[in-house]
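Listed below are the residues making up each chain.
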Amino acid sequence: MYRPAARLAEIAPFHVVELLTRARQLEAEGRDIIHMEIGEPDFPTPAPIAAAAIAAIESGKTLYTEALGLPELRQAIADFYRQRYGVSVAANRIAITNGASGALNLAFACLADPGSEWLLADPGYPCNRHILRTYEGRPLSIPVGPESNFQPTPELLRQHWTEHTAGLLVASPANPTGTLLTPDEIGALAAVCREKNGHFLVDEIYQGLTYESEMATACAAGDDIWVINSFSKYFQMTGWRLGWMVIPEAYVRDVEKLAQNLVLCPSTPAQHAALAAFEPATITILEARRKEFRKRRDFLGPALENIGFRVTARPEGAFYLYCDCSALSEDSFVLARELLEKAGVAATPGLDFGSNQPEKHIRFAYTTGIDRLAEAIERLARYFGR
Ligand SMILES: Cc1ncc(COP(=O)(O)O)c(C=O)c1O
């Protein structure tokens, strides 16, 4: 008997993972594939973090921790907010989670009533919609485009808000566009959510990976905002599965109860490793890598535009260029397949990020070295006969 829960019908696969599988198949057949579909840094986890993990394991720090995480890691994150962003966040409001994914699971498990409606930008990171759906909430799209730099505005928010709306989730920097919300824009969105008595969640997973301005944090815009973060991207710890969430005080106990039941605790060795993430030696490594990401972005954007892609979002953060490819193809999904099979370049079709003109868009991640990016550009130019 095969009878999955009805909600499964509304949970789409993550197409990029399927594309990656095909890319790996081609590689197994001996083809050289340039990976620009992957949303994770190509740099290994910085050595001080890895060393801290090894030391923790060797000294037997491998048992469960508190459900909301090691108190010293929660404190280290609070200190980081104070030192780097000048914002005071009480350590007891910080939950350590299994990545930003774990944080979003806990947030929606805590907040989403069955049928409650939540506004999310489209295009946007797809898993968040599906996590929400898993908890019986209803994700509703705010279609966004170049006119608002692919971010929701207070006007759009008001237009889409109904009596069933429970809240808004944004990401800054965003995936797939790399666009940012300024502190003023965050403040204005928070004000509308407050006025409507709704929740406001801000996914800051790409915090630290910004190339034009120093990032702020939504924590500065009010202690009623749920702020999601991760060690995956800036700290380059994707596979360690560690993140955190800043929770409005009134909900800390609720999230703790959920964490106790759903996950027991985040990975203990990963938490000990993360204690080294904020050390000056680690930050020096990470800042050098941030410069490298910036160089890649500055190379790739103009090079793609020369071929006929248009970068319509201002990519000030993360490591993605979300391109309008309508001058080159009628269907970005077909194009992504063709580029993989014929040019050996893997990129992610718009389809993964929602239903707002996905066929016109394709995402290139600059998560590979500049020499490989240059090779990818040559292959693309050849493919399009430029
Ligand atoms: C916007 C956004 N949020 C959340 C996640 C989840 O990441 P993780 O669970 O590794 O922290 C990702 C991963 O790519 C993302 O792009």
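In this report, the structure presented in the accompanying data block is examined. Worth saying up front: this structure is predicted, and the values here are computed from it rather than measured.

1. Quick notes on the site of the ligand
Taken together, the neighbourhood of the ligand is formed by Gly99, Ala100, Ser101, Tyr125, Asn175, Asp203, Ile205, Tyr206, Ser230, Ser232, Lys233 and Arg241. The contact in question runs from an oxygen atom of the ligand to an N or O atom on the backbone of alanine 100, over 2.7 Å. Calculation on the ligand without its partners gives an accessible area of 400 Å², and the protein chains cover 93% of this total. Broken down by class, the residue content of the shell around the ligand amounts to 4 nonpolar, 5 polar and 3 charged.

2. Quick notes on the pairing of strand β13 (residues 361-365)
Burial analysis of β13 places 5 of its 5 residues in the buried class, which makes it a mostly covered element. Residues His361, Arg363 and Ala365 line one face of β13 and the alternating positions Ile362 and Phe364 line the opposite face, and both faces are buried. Pairing geometry for strand β10 (residues 320-324) and β13, over 5 bridges, is antiparallel. Its bridge partner being in β13, aspartate 324 is matched across the sheet by histidine 361.

3. So, helix α10 (residues 280-307)
Look at α10: 41 Å from first C-alpha to last across 28 residues, which is about the 40 Å you get at 1.5 Å a residue. Remark: glycine 308 follows α10 within two positions and exhibits a positive phi of approximately 125°.

4. Focus on unusual backbone geometry
Proline 123 follows aspartate 122 through a cis peptide bond whose omega is 10°. One can find proline 123 in the loop between β3 (117-122) and α5 (126-134). For the bond from asparagine 175 to proline 176, the omega torsion is 20°, close enough to zero to count as cis. When you line up the elements, proline 176 lands in the loop between β5 (165-171) and α7 (183-195).

5. Concerning the packing of helix α4 (residues 99-111) against helix α8 (residues 252-262)
The geometry of α4 relative to α8 is characterised by a closest axis approach of 10 Å and an angle of 120° between their N-to-C directions. Here the hand of the crossing between α4 and α8 comes out right-handed. In contact with Leu106, Ala109 and Cys110 of α4, α8 contributes Asp254, Val255, Leu258, Ala259 and Leu262.

Parameters at a glance
Residues numbered from 1 in each chain as written. Predicted model: local features only at pLDDT ≥ 70, side-chain atom pairs only at ≥ 80, totals over all residues. Heavy atoms only, no water. Near = heavy atom within 4 Å. Polar contact = N/O pair within 3.5 Å; in protein donor to acceptor, adjacent residues only side chain to side chain. Areas by Shrake-Rupley, 256 points an atom, 1.4 Å probe, with all protein chains shown as cover. Nonpolar A, V, L, I, M, F, W, Y, C, P; charged D, E, K, R; others polar. Buried < 20%, exposed > 50% of the residue type's maximum accessible area, 1.4 Å probe, protein only. Helix = DSSP H or I, 4+ residues; strand = E, 2+ residues; numbered from the N terminus. Pairing = 2+ DSSP bridges. Expected span 1.5 Å × (residues − 1). Axes fitted to C-alpha atoms, helices over the stretch in contact; angles between N-to-C directions. Left-handed = near helix turned anticlockwise from the far one by under 90°. Contact = heavy atoms within 4.5 Å.

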